[in-house]
Structure formats: C-alpha cells, structure tokens
Amino acid sequence: MNKLKWWFRVVGGFYLLLTVMNLSGLFLGGSQMYANILPAPMNTDALAVRAFIDAWMVFVFELGVLGAMALVAARAPVQNRIMAWTLIWAEAFRGIVVDIIWITRGYSLSSYAVFIVIHLIIIVTGVVFVRQAQAE
C-alpha cells in the first residue's frame, strides 16, 4: 500500500509540474515555443500553431486535474485503485498510442521516444504497485 501511495504522489506531482510548465508556456511563452514542436510545414503556419496551442490547452488542464486527483487518491490508495487504473490507461492511450501516432506524422522521434519511456515507467510501476496493494 505504501508503494501505491508514493506512486500516486510521484505521478500526481509530476503531472502538476508538467501542468505548471505548460501553462506558463501557453500563457507567457508565446507561440514560438509550440511552433518548434510542430513538424514542417505546420510550424510556419500561424493558424496551425494557434490550433495546436488551443488543443494542447485541453491536454494541459486534463493533466492538472489528474495530477491533483492522484494526490487526493494517495490518502487512501487501496480504496482508490480505480484512479490508479485510470492513470495507467491514460498513459497507455493518451501517452504511448498518441506519441506513436505523432511520430508517424513527423513529430520528433527523439523527443517523443523519451516520453514513451516515461509513460512505460509510469504504467509498469503502477500495475505492479496496484497488484501488490490488492494482494495485501
């Protein structure tokens, strides 16, 4: 149970850190930061960059909510296993599947490969710790 509690705290904290970093980029950093993420020729099209920023904002707010709820779930980790499974499946689909799709569409392989590794670490540790907590 203690491992699952810390998993919730680490994942929740990581999500909130990413949220703060992205919100500062969205509202203070200007569009160039996000233009650099997009593959050519979208990275030079102001409308494409704006559309990406608007869509990315949805992801960022979702990440913040999931991070906050992970911290809440850490208070009673065994009773909140469904939250762990929610995060695990979000990492699989919103994380790995989407990153692979983006790579096939021209987004940076090196950048998104790093995120795929992070997603895998969160998934594997989450599955292991949920199962351990369930067995206790």
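Residues numbered from 1 in each chain as written. Predicted model: local features only at pLDDT ≥ 70, side-chain atom pairs only at ≥ 80, totals over all residues. Heavy atoms only, no water.

Caption draft 1: Broad picture of helix α3 (residues 46-73). Over its 28 residues, α3 extends 40 Å from the first C-alpha to the last, a length consistent with the 40 Å expected when each residue adds 1.5 Å. Buried within α3 are the following residues: Val49, Phe52, Ile53, Trp56, Val60, Leu63, Gly64, Leu66, Gly67, Ala70 and Ala73. The inward-facing, buried residues of α3 contact α1 (2-27), α2 (32-35) and α4 (81-104). The N-capping residue of α3, defined by a side-chain oxygen 2.9 Å from the backbone nitrogen of leucine 47, is aspartate 45. (Helix = DSSP H or I, 4+ residues; strand = E, 2+ residues; numbered from the N terminus. Expected span 1.5 Å × (residues − 1). Buried < 20%, exposed > 50% of the residue type's maximum accessible area, 1.4 Å probe, protein only. Contact = heavy atoms within 4.5 Å. Polar contact = N/O pair within 3.5 Å; in protein donor to acceptor, adjacent residues only side chain to side chain.)

Caption draft 2: Expanded view of the layout of surface pockets. Size it by volume and the largest pocket reaches roughly 580 Å³. Taken together, 26 residues line the largest pocket, and the ones lying closest to its centre are Asn22, Trp56, Phe59, Tyr112 and Phe115. Contributing elements (two or more residues each) for the lining of the largest pocket: α1, α2, α3, α4 and α5 (109-135). Taken together, the residues of the lining of the largest pocket sort by class into 17 nonpolar, six polar and three charged. (1 Å grid on protein atoms, 1.4 Å probe; cavity = no way out; pocket = protein on both sides within 12 Å on 5 of 7 lines; lining within 4 Å. Points joined across faces, edges and corners; volume = space filled by probe spheres on them. Nonpolar A, V, L, I, M, F, W, Y, C, P; charged D, E, K, R; others polar.)

Caption draft 3: Just the environment of isoleucine 82, in detail. As for its placement among the helices and strands, isoleucine 82 is situated in helix α4. Isoleucine 82 sits in the exposed class, given a relative accessible area of 64%. For the pair isoleucine 82 and phenylalanine 115, spaced 33 residues apart in sequence, the C-alpha separation works out to 24 Å.

Caption draft 4: Summary view of the packing of α1 against α5. Taken N-terminus to C-terminus, the directions of α1 and α5 make an angle of 155°; their axes are 9 Å apart at the nearest point. Classified by the angle between their axes, α1 and α5 sit roughly antiparallel to one another. Read as a crossing pair, α1 and α5 show a hand that is left-handed. Taken together, the residues of α5 that come into contact with α1 (itself represented by Lys3, Leu4, Trp7, Val11, Phe14 and Tyr15) are Ile118, Ile122, Thr125, Gly126, Phe129, Val130, Gln132 and Ala133. Here the contact of α1 with α5 is composed, by residue class, of ten nonpolar, three polar and one charged. (Axes fitted to C-alpha atoms, helices over the stretch in contact; angles between N-to-C directions. Parallel < 35°, antiparallel > 145°, perpendicular 65-115°, else oblique. Left-handed = near helix turned anticlockwise from the far one by under 90°.)

Caption draft 5: Layout of the confidence of the model for the chain. Chain-level statistics for the chain give a pLDDT mean of 95 and a share of 100% at 70 or above. No element of the chain has a lower mean pLDDT than α2, which averages 88, and none a higher one than α4, which averages 97. (pLDDT = per-residue confidence, 0-100.)

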